[in-house]
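Observations on the three-dimensional arrangement
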Amino acid sequence: MGINAPKGTKDILPSQSYKWQFVEKTFKEITARYGFKEIRTPIFEYTELFKRGVGDTTDIVEKQMYSFDDYGGRNITLKPEGTAPVVRAFVENKLYADVLPFKTFYMIPCFRYEKPQAGRLREFHQFGVEIFGTMDMLADAEVIATAVDFLNELKINDLELRINSIGCPLCREAYKESLMSFLKDKYEDLCDTCKGRYFKNPMRILDCKSVECQKLVVGAPRMLDYICEECSTAFDDLKKNLDLMKIDYIVDSGIVRGLDYYTKTAFEIVSNNIGAQGTVCGGGRYDNLIEQIGGPATPGVGFGLGIERLLLLIDQNDEIAPKSPAPDVYIATMGESAKEYGITLSKELRDLDISLELDLMSRNIKSQFKYADKIQTVFTIVIGDEEIENNKLIIKNMSNFEQIVVSREDLVSKLMELLGRN
RNA sequence: GUGGGUAUAGUCAAGUGGUUAAGACACAGGGUUGUGGCUCCUGCAUUCGUGGGUUCGAUCCCCAUUACCCACCCCA
């Protein structure tokens, strides 16, 4: 019996890693367009950070964190999300005294103890952006636009942007009260999970999938009718900005974030094609978080985007996924002196940034060609005693089977020409 | 945490209460005196996730256990 990777984790194998590199590269390009610069924070933090940031009563903090005491007795937690650590770094390094708005992006692994299923892992990866220091709804729109542009750049279709305003602490409290009083005499008829939600997060009942709850919820007060003047104006601003950017959205009052720190803007980008966990990107505004972490009162907005879910979508469309890279050249050799000849040649070609492979398995010529075919090399150079003796090397084009003969002196320039380089 | 499903080679997979567990792909070698896409040949599971039980006999029936998958919950 071997040892498996821990439950809920996945190896990213050489045959897949180029896809990750592709989305990483694309994300860097898109965020650069919007002026985000990368931040790298530790993979673990003091547990207290997430208790304060994410919220003591959230599922994440209550039962999903990978926490442990280190040998010095400090309680440590593997990042369950990306925002709180960025805020911590922002406050600790006093970046609020620097140029504002503070705009940053990150690409990180996150860890949550959950039961794995399609699109949900215990170690998963997020790309995210954050903007600190502005209340302007253009920031929210730019955050959303960054995510939308990124997904468009990857040619991922069939996605829906859903936006909502969950208000500020003041109007949300008023709304919660009215919602709870609306549901009060219906409480006994709620499903079991909604009975729990009634006290913990009553807004989520609106989103319940059970038919009974759906019926009970008809005619319930809507958040958007309760948000205060300021929040309402902000939401209108957001919609106006999205319109100006020609970004389609639907207002969905069911969007509720599971992390305590969100205020006003909440949004999700969802797919219906990757199973039950269809939220590819989720984010919103958090105007009180930075203060909660101990910084000066500073508003913020950002998103997190799940890479595994993104890759599920990319894998559904062969046209999106880039091709696995293939080497330019394979050097097939026969015999010991040819092998040595090939080694010398390989050094020269690789120094010219030509990617190439040699036979590392002492295989016969036929097997070497089979291998060259499998790795989809563009050209194969054939070297045997005969070629060395006559100074006539063979360059074979693997796609059309054509062979040309060149002298050693002309090989490099000919090869560069064939590869379309100068 | 609660449900449901599946476990036979590297992969996909057929199979029956009873001698040597199909097949395909992949992989390796060869037919071709030095050349890959096709073709042909050869090799590749003393064993059916693991542990018990029923039985004269179990890959097949029963129980347990583990792993993976899916859904709820929640979220990215």
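Just so it is clear, the model here is predicted, and its values are computed rather than measured.

Side note on the overall build of chain A
A count of helical and extended segments in chain A gives 16 helices and 16 strands. What you see for chain A is a C-alpha radius of gyration of 28 Å, clearly larger than the 22 Å of a compact globule of 422 residues, by over 25%. For chain A, the spread of C-alpha atoms along the principal axes amounts to about 95 × 50 × 50 Å. Within the span of chain A, comprising 422 residues, buried residues form 50% of the whole. When contacts within chain A are restricted to residue pairs at least 6 apart in sequence, those whose partners lie at least 24 apart make up 69%. When the accessible surface of chain A is split by element, carbon and sulfur atoms take 50% of a total near 22,000 Å².

Some details on the sheet that holds strand E10 (residues 279-285)
Spatially, E1-E5-E6-E11-E10-E9-E7-E8 is the arrangement adopted by the eight strands of the open sheet, whose pairing is mixed. The two strands at the open ends of the sheet, each matched to only one other strand, are strand E1 (37-38) and strand E8 (250-251). Its contacts with the sheet put helix H10 (residues 229-244) on strand E7 (159-165), E8 and strand E9 (263-271), and the angle it makes with E7 is roughly 155°.

Structural notes on the pattern of salt bridges
Applying the stated rule across the entire model yields 24 salt bridges. Glu153 is paired through a salt bridge with Arg33; the nearest N and O atoms lie 3.6 Å apart. With Glu153 in helix H5 (residues 137-153) and Arg33 in helix H1 (residues 14-34), this residue pair connects regions lying 120 residues apart in the sequence. Arg33 sits in the exposed class, given a relative accessible area of 56%. Salt-bridge contacts for Glu417 lead to Lys414; the nearest nitrogen and oxygen are separated by 3.6 Å. One end of the pair is Glu417 and the other is Lys414, both in helix H16 (residues 408-418) and three residues apart, which spans about a single turn. Of the residues examined, Glu417 reaches a relative accessible area of 53% and is grouped as exposed. Taking the relative accessible area as the measure of exposure, Lys414 reaches 24% and is therefore partly exposed. Several salt bridges converge on common partners, so that one network encompasses Asp140, Glu230, Lys264, Arg285 and Asp287.

What to know about the protein's contact with RNA strand B
Taken together, 48 residues form the shell around RNA strand B, and within it Arg197, Arg204, Gly258, Asn364 and Phe401 come nearest. Atoms of RNA strand B within 4 Å of the protein belong to the sugar or the phosphate in 50% of instances, the rest to bases. Contact between RNA strand B and Ser367: a phosphate oxygen at 3.4 Å from a side-chain N or O atom of the residue. Between a base nitrogen of RNA strand B and a main-chain N or O atom of Met398, the distance comes to 2.5 Å. Listing elements by their share of the surface near RNA strand B, those giving two or more residues are strand E6 (123-132), E10, strand E11 (300-306), helix H14 (365-374), helix H15 (385-390) and strand E15 (393-397). For the surface near RNA strand B, the element with the most residues is H14, which contributes seven residues. Among the residues making up the surface near RNA strand B, the classes are represented as 14 nonpolar, 14 polar and 20 charged.

Details of the environment of Gly82
By the element assignment, Gly82 lies in the loop between strand E4 (75-78) and helix H4 (83-92). Distance in space between the C-alpha atoms of Gly82 and Gly304 is 7.4 Å, their sequence separation being 222 residues. Apart from the residues lying within four places of it in its own chain, the contact partners of Gly82 are Tyr106, Ile108, Cys110, Gln126 and Glu130.

Some thoughts on the side chain of Lys264
Topologically, Lys264 is positioned in strand E9. Lys264 sits in the buried class, given a relative accessible area of 5%. Setting aside residues no more than four positions away along its own chain, Lys264 makes contact with Met135, Met137, Asn164, Ser165, Ile166, Gly167, Cys168, Glu230, Cys231, Ala234, Arg285 and Asp287.

Some details on a positive patch on the surface
A cluster of like positive charges, contributed by Arg363, Lys366, Lys370 and Lys374, occupies part of the molecular surface. Within the secondary structure, Arg363 is located in the loop between strand E13 (356-358) and H14.

A look at the packing of aromatic side chains
Under the criterion given, the structure shown has 18 aromatic pairs. Both rings, one in Phe27 and one in Phe127, keep their centres 4.7 Å apart while their planes meet at 35°; by these two values the pair is tilted. Of this pair, Phe27 sits in helix H1 while Phe127 sits in strand E6, and the two are 100 residues apart along the sequence. Like Phe127, Phe27 is buried. Clustering of aromatic rings is evident, with ring pairs tying together Phe90, Tyr96, Phe102, Phe132, Tyr261, Tyr262 and Tyr286. Here the basic side chain of Arg122 rests over the ring of Tyr113, its NZ or CZ set 3.9 Å away from the ring centre.

Observations concerning the sheet that holds strand E16 (residues 403-406)
Taken in spatial order, the five strands of this open sheet run E13-E12-E14-E15-E16, and their pairing is mixed. Looking at which strands have only one partner, the edges of the open sheet turn out to be E13 and E16. This sheet shows a mean twist of 25° between the axes of neighbouring strands, independent of strand direction. As paired strands, strand E12 (residues 329-333) and strand E14 (residues 379-383) are joined by five bridges and run parallel to one another. Across the sheet, residue Tyr330 finds its bridge partner in E14, namely Thr380. H14 rests against E12, E13, E14 and E15 of the sheet, and its axis sits at about 170° to E12. The strands that H16 touches are E12, E14, E15 and E16; relative to E15, the one it contacts most, it runs at about 15°.

Re the packing of H1 against H5
Two packed helices can be described by the angle between their axes and the distance between those axes. One way to put it is that H1 packs onto H5 with a least axis distance of 10 Å and a crossing angle of 140°. If you check the angle between H1 and H5, you find them oblique. Considering how the two elements wind past one another, H1 and H5 form a crossing that is right-handed. Listed contacts from H5 to Val23, Thr26, Phe27, Ile30, Thr31, Arg33 and Tyr34 of H1 are Glu142, Ala145, Thr146, Asp149, Phe150 and Glu153. Classifying every residue of the contact of H1 with H5 gives six nonpolar, three polar and four charged.

Cut-offs used in this document
Residues numbered from 1 in each chain as written. Chains lettered and ligands numbered in written order. Predicted model: local features only at pLDDT ≥ 70, side-chain atom pairs only at ≥ 80, totals over all residues. Heavy atoms only, no water. Helix = DSSP H or I, 4+ residues; strand = E, 2+ residues; numbered from the N terminus. Rg over C-alpha atoms; globule rule 2.2 N^0.38 Å. Buried < 20%, exposed > 50% of the residue type's maximum accessible area, 1.4 Å probe, protein only. Contact = heavy atoms within 4.5 Å. Areas by Shrake-Rupley, 256 points an atom, 1.4 Å probe, with all protein chains shown as cover. Pairing = 2+ DSSP bridges. Axes fitted to C-alpha atoms, helices over the stretch in contact; angles between N-to-C directions. Salt bridge = Lys/Arg side-chain N within 4 Å of Asp/Glu carboxyl O. Near = heavy atom within 4 Å. Polar contact = N/O pair within 3.5 Å; in protein donor to acceptor, adjacent residues only side chain to side chain. Nonpolar A, V, L, I, M, F, W, Y, C, P; charged D, E, K, R; others polar. Patch = residues over 30% accessible without salt bridge, like charges linked within 9 Å, V, L, I, M, F, W, Y side chains within 5 Å. Lys, Arg positive; Asp, Glu negative; His and termini not counted. Charge placed at Lys NZ, Arg CZ, Asp CG, Glu CD. Phe/Tyr/Trp six-rings, centres within 6.5 Å; stacked < 30°, edge-to-face > 60°. Lys NZ or Arg CZ within 6 Å of the ring centre and 35° of its normal. Parallel < 35°, antiparallel > 145°, perpendicular 65-115°, else oblique. Left-handed = near helix turned anticlockwise from the far one by under 90°.

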